[in-house]
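# Structural overview for review
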Amino acid sequence: MNIAIILSGGVGTRMGVDRPKQYIEIGSKPIISYCIDTFVHHGRIDKFIIVVADEWLDYVYNEVKDVKLPIYYAKPGDTRQFSIFNALLVAEQEGCDSDDIVIVHDAVRPLVSNSIIDQCIDGICEGFDGVMPVISVKDTIYQSQDQLTISKLLNRKELF
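About the thresholds
- Residues numbered from 1 in each chain as written.
- Predicted model: local features only at pLDDT ≥ 70, side-chain atom pairs only at ≥ 80, totals over all residues.
- Heavy atoms only, no water.
- Helix = DSSP H or I, 4+ residues; strand = E, 2+ residues; numbered from the N terminus.
- Buried < 20%, exposed > 50% of the residue type's maximum accessible area, 1.4 Å probe, protein only.
- Contact = heavy atoms within 4.5 Å.
- Areas by Shrake-Rupley, 256 points an atom, 1.4 Å probe, with all protein chains shown as cover.
- Lys, Arg positive; Asp, Glu negative; His and termini not counted.
- Charge placed at Lys NZ, Arg CZ, Asp CG, Glu CD.
- Patch = residues over 30% accessible without salt bridge, like charges linked within 9 Å, V, L, I, M, F, W, Y side chains within 5 Å.
- Salt bridge = Lys/Arg side-chain N within 4 Å of Asp/Glu carboxyl O.

The number of helices and strands found in the protein chain is four helices and eight strands. Each principal axis of the C-alpha atoms in the protein chain carries an extent, and together these give about 55 × 45 × 30 Å. Here the protein chain holds 160 residues, and the buried ones make up 32% of them. Partitioning the intrachain contacts of the protein chain with sequence separation of at least 6 by distance along the chain shows that 56% fall at a separation of at least 24. Accessible area for the protein chain stands at about 10600 Å²; split by element, carbon and sulfur atoms hold 52% of it. Between the centroid of the 15 positive side chains of the protein chain and the centroid of its 23 negative side chains there is a distance of 8 Å.

Take a look at the structure:
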């Protein structure tokens, strides 16, 4: 069984808007809906666990009410890791097995492709303990200990 955990518990304070960024509407629907739609239509996802704060639960429920796959909800933790942990506890409570494949995805990253989802699932099926999609860094990145002087130029070939 393949389970998608969608992390939607962040508050997005850096955006400076009145709602978390995963609930900002683009093209008449919230960002989280694009993310969920991709996983729903992918074809290899069997159930969802959405991590969502209580005050946004009705909003998210309204966005996914027509999804035909099982959807469960978990409370966010103080950190991303604790949010994932809470979702895994829900997965366990709902009868998921230790050999099920779990994909963790951020609701604010709506442009995930079917190819990336496939590669993650296939990597686990091939025997890897975990798979994480990354992209190469294109920018030149400098390290500074004091924020005034450059202490090191990082090798972008080693950064993802």
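It is worth spelling out a nonpolar patch on the surface at this point. Where nonpolar side chains cluster on the molecular surface, the patch consists of Phe82, Phe85 and Leu89 and spans about 300 Å² of accessible area. Considering the arrangement of structural elements, one finds phenylalanine 85 in helix α3 (residues 80-93).

Moving on, we come to the environment of valine 112. Looking at the secondary structure, you find valine 112 in the loop between β6 (101-106) and α4 (114-125). With a relative accessible area of 13%, valine 112 lands in the buried category. In the structure, valine 112 is positioned 78 residues away from tyrosine 34 in sequence and 9.3 Å away in space, judged by C-alpha atoms. Discounting residues that sit within four places of it in the chain, valine 112 has contacts with Thr38, Phe39, His105 and Ile117.

Let us look at the pattern of salt bridges. Under the criterion given, the structure shown has six salt bridges. Close ionic contact of aspartate 122 with arginine 44 constitutes a salt bridge, the shortest N to O distance being 2.9 Å. One end of the pair, aspartate 122, is in helix α4; the other, arginine 44, is in the loop between α1 (31-42) and β4 (47-52), and 78 residues separate them in sequence. Close ionic contact of arginine 109 with aspartate 106 constitutes a salt bridge, the shortest N to O distance being 3.6 Å. If you follow the salt bridges from partner to partner, you end up with Arg44, Asp118 and Asp122 in one network.

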